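# Reading the structure
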Amino acid sequence: VKQIPALRCPFSIARQEFHRSAEVRLVGRERERSAIHDYLHSNDTRALYVCGTPGTGKTAFASAEIKGPVINCVSDREFFDGLVRHVPGFCKENVLITRPSSGCFAFDEVDQLAERHPRLFRMLLEWSREGLVKVICIANTLDLTIKHLP
(Lines give C-alpha, C1' and ligand atoms only; values in the text may rest on other atoms or scores of the structure.)
Protein backbone atom coordinates (compact mmCIF):
# COMPACT_ATOMS: atom_id res chain seq x y z
CA VAL A 1 0.00 0.00 0.00
CA LYS A 2 1.43 3.30 -1.10
CA GLN A 3 0.89 6.25 1.24
CA ILE A 4 -0.13 9.55 -0.27
CA PRO A 5 1.40 12.53 1.51
CA ALA A 6 -1.14 14.68 3.32
CA LEU A 7 -1.86 18.00 1.69
CA ARG A 8 -1.23 20.92 3.96
CA CYS A 9 -2.65 24.33 3.39
CA PRO A 10 -0.19 27.24 3.13
CA PHE A 11 -1.69 28.85 6.25
CA SER A 12 -0.92 25.75 8.36
CA ILE A 13 2.65 25.62 7.05
CA ALA A 14 3.20 29.33 7.73
CA ARG A 15 1.74 29.09 11.23
CA GLN A 16 3.95 26.11 12.06
CA GLU A 17 7.05 27.94 10.82
CA PHE A 18 6.07 31.05 12.77
CA HIS A 19 5.87 29.07 16.01
CA ARG A 20 9.23 27.46 15.33
CA SER A 21 11.13 30.68 14.79
CA ALA A 22 13.61 31.50 17.51
CA GLU A 23 13.08 35.24 17.26
CA VAL A 24 9.72 36.94 16.91
CA ARG A 25 9.86 40.38 15.30
CA LEU A 26 6.50 42.06 15.19
CA VAL A 27 6.51 45.35 13.37
CA GLY A 28 4.65 48.38 14.65
CA ARG A 29 4.45 47.35 18.31
CA GLU A 30 6.75 49.93 19.87
CA ARG A 31 4.07 51.33 22.18
CA GLU A 32 3.11 47.84 23.40
CA ARG A 33 6.77 46.84 23.77
CA SER A 34 7.37 49.94 25.86
CA ALA A 35 4.31 49.23 28.05
CA ILE A 36 5.45 45.67 28.78
CA HIS A 37 9.03 46.80 29.43
CA ASP A 38 7.86 49.56 31.78
CA TYR A 39 5.59 47.12 33.63
CA LEU A 40 8.33 44.52 34.07
CA HIS A 41 10.76 47.10 35.45
CA SER A 42 8.32 48.92 37.72
CA ASN A 43 7.16 48.41 41.29
CA ASP A 44 3.59 48.15 40.03
CA THR A 45 1.70 45.38 41.80
CA ARG A 46 -1.18 45.18 39.36
CA ALA A 47 -1.37 42.49 36.68
CA LEU A 48 -0.96 43.57 33.08
CA TYR A 49 -3.89 42.74 30.80
CA VAL A 50 -3.18 42.20 27.09
CA CYS A 51 -6.36 41.86 25.07
CA GLY A 52 -7.41 42.01 21.47
CA THR A 53 -9.03 40.14 18.66
CA PRO A 54 -7.84 36.59 17.90
CA GLY A 55 -4.83 36.22 15.62
CA THR A 56 -3.26 39.62 16.21
CA GLY A 57 -0.07 38.27 17.78
CA LYS A 58 -0.75 38.91 21.47
CA THR A 59 0.76 35.63 22.66
CA ALA A 60 3.71 35.70 20.24
CA PHE A 61 4.50 39.26 21.24
CA ALA A 62 4.25 38.67 25.00
CA SER A 63 6.32 35.49 24.70
CA ALA A 64 9.08 37.41 22.96
CA GLU A 65 9.06 40.25 25.49
CA ILE A 66 8.94 38.48 28.86
CA LYS A 67 11.56 36.29 30.43
CA GLY A 68 9.30 33.68 31.93
CA PRO A 69 6.83 30.95 31.12
CA VAL A 70 3.64 31.44 29.14
CA ILE A 71 1.05 29.08 30.61
CA ASN A 72 -1.92 28.25 28.41
CA CYS A 73 -5.27 28.34 30.20
CA VAL A 74 -7.35 26.91 27.35
CA SER A 75 -7.86 23.67 29.28
CA ASP A 76 -7.53 22.63 32.90
CA ARG A 77 -4.86 20.10 31.97
CA GLU A 78 -2.64 22.66 30.23
CA PHE A 79 -3.11 25.19 33.03
CA PHE A 80 -2.34 22.80 35.89
CA ASP A 81 0.52 21.12 34.01
CA GLY A 82 2.02 24.56 33.40
CA LEU A 83 1.77 25.45 37.07
CA VAL A 84 3.25 22.10 38.14
CA ARG A 85 6.14 22.68 35.73
CA HIS A 86 6.88 26.31 36.64
CA VAL A 87 5.78 26.86 40.27
CA PRO A 88 7.90 24.86 42.73
CA GLY A 89 5.76 23.16 45.36
CA PHE A 90 2.50 23.43 43.46
CA CYS A 91 0.32 20.39 44.20
CA LYS A 92 -2.29 19.63 41.54
CA GLU A 93 -4.28 16.97 43.39
CA ASN A 94 -5.12 18.99 46.48
CA VAL A 95 -4.98 22.37 44.77
CA LEU A 96 -2.54 23.34 47.51
CA ILE A 97 -0.55 26.15 46.03
CA THR A 98 2.86 27.29 47.10
CA ARG A 99 3.06 30.81 45.79
CA PRO A 100 5.94 31.65 43.47
CA SER A 101 8.50 33.96 45.01
CA SER A 102 9.83 35.79 41.96
CA GLY A 103 9.72 36.09 38.20
CA CYS A 104 7.12 36.81 35.58
CA PHE A 105 4.29 34.57 34.45
CA ALA A 106 2.10 35.08 31.41
CA PHE A 107 -1.24 33.31 31.25
CA ASP A 108 -2.62 32.88 27.75
CA GLU A 109 -6.36 32.46 27.08
CA VAL A 110 -6.95 33.55 30.68
CA ASP A 111 -10.55 34.48 29.83
CA GLN A 112 -11.31 30.77 29.56
CA LEU A 113 -9.81 30.13 33.00
CA ALA A 114 -11.85 33.01 34.45
CA GLU A 115 -15.04 31.44 33.11
CA ARG A 116 -14.28 27.94 34.44
CA HIS A 117 -12.48 28.78 37.68
CA PRO A 118 -13.00 32.40 38.79
CA ARG A 119 -11.33 31.68 42.14
CA LEU A 120 -8.13 30.51 40.45
CA PHE A 121 -8.18 33.51 38.13
CA ARG A 122 -8.37 35.85 41.13
CA MET A 123 -5.56 33.88 42.80
CA LEU A 124 -3.26 34.68 39.86
CA LEU A 125 -4.09 38.35 40.22
CA GLU A 126 -3.35 38.14 43.95
CA TRP A 127 0.16 36.87 43.18
CA SER A 128 0.79 40.13 41.39
CA ARG A 129 -1.01 42.34 43.91
CA GLU A 130 1.05 40.89 46.74
CA GLY A 131 4.22 41.73 44.82
CA LEU A 132 5.28 38.09 44.55
CA VAL A 133 5.59 38.00 40.77
CA LYS A 134 4.66 39.96 37.68
CA VAL A 135 1.52 38.55 36.04
CA ILE A 136 0.56 39.16 32.43
CA CYS A 137 -2.92 38.01 31.42
CA ILE A 138 -3.54 37.47 27.71
CA ALA A 139 -7.10 37.15 26.41
CA ASN A 140 -9.36 37.71 23.43
CA THR A 141 -12.13 39.02 25.65
CA LEU A 142 -12.18 42.80 25.83
CA ASP A 143 -14.47 42.95 28.88
CA LEU A 144 -12.74 40.41 31.12
CA THR A 145 -12.02 42.94 33.86
CA ILE A 146 -15.65 44.09 33.89
CA LYS A 147 -17.06 40.55 34.02
CA HIS A 148 -14.72 38.94 36.54
CA LEU A 149 -13.35 41.57 38.87
CA PRO A 150 -15.13 43.31 41.73
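If you're wondering where the values come from, they're calculated on a predicted model, not measured in any experiment.

## Digging into the sheet that holds strand β3 (residues 104-108)
- Spatially, the four strands line up as an open sheet ordered β1-β4-β3-β2, and their pairing is parallel. Two strands bound the open sheet, and with one partner strand each, they are β1 (48-51) and β2 (70-72). Neighbour to neighbour, the strand axes of the sheet diverge by 20° on average, direction disregarded.
- Taken together, the three bridges between β2 and β3 define a ladder with parallel strand orientation. The partner of isoleucine 71 across the bridge, within β3, is phenylalanine 107.
- Taken strand by strand, helix α2 (residues 30-40) contacts β1, β3 and β4 (134-139), and its axis lies near 150° from that of β4.
- The sheet contacts of helix α3 (residues 58-65) involve β1, β2, β3 and β4, and relative to β4 the element is tilted by about 160°.

## Focus: the packing of aromatic side chains
- Under the definition given, this model contains four aromatic pairs.
- With centroids separated by 5.2 Å and ring planes inclined at 65°, the aromatic side chains of phenylalanine 79 and phenylalanine 80 adopt a geometry described as edge-to-face.
- A relative accessible area of 0% places phenylalanine 79 in the buried class.
- The class for phenylalanine 80 is buried, based on a relative accessible area of 12%.
- An angle of 50° between the planes, with centres 6.3 Å apart, marks the rings of phenylalanine 79 and phenylalanine 107 as tilted. Placement of phenylalanine 79 in helix α4 (residues 76-86) and of phenylalanine 107 in strand β3 is noted, with a sequence separation of 28 residues between them. Phenylalanine 107 carries the same exposure label as phenylalanine 79, and that label is buried.
- Feature note: the residues Phe79, Phe80, Phe105, Phe107 and Trp127 constitute an aromatic cluster, connected by ring pairs.
- In this structure, lysine 134 packs its charged tip against the face of tyrosine 39, placed 4.6 Å from the ring centre.

Thresholds, definitions, all that
- Residues numbered from 1 in each chain as written.
- Predicted model: local features only at pLDDT ≥ 70, side-chain atom pairs only at ≥ 80, totals over all residues.
- Heavy atoms only, no water.
- Pairing = 2+ DSSP bridges.
- Helix = DSSP H or I, 4+ residues; strand = E, 2+ residues; numbered from the N terminus.
- Axes fitted to C-alpha atoms, helices over the stretch in contact; angles between N-to-C directions.
- Contact = heavy atoms within 4.5 Å.
- Phe/Tyr/Trp six-rings, centres within 6.5 Å; stacked < 30°, edge-to-face > 60°.
- Buried < 20%, exposed > 50% of the residue type's maximum accessible area, 1.4 Å probe, protein only.
- Lys NZ or Arg CZ within 6 Å of the ring centre and 35° of its normal.

Purely spatial values, then, with no claim about function.
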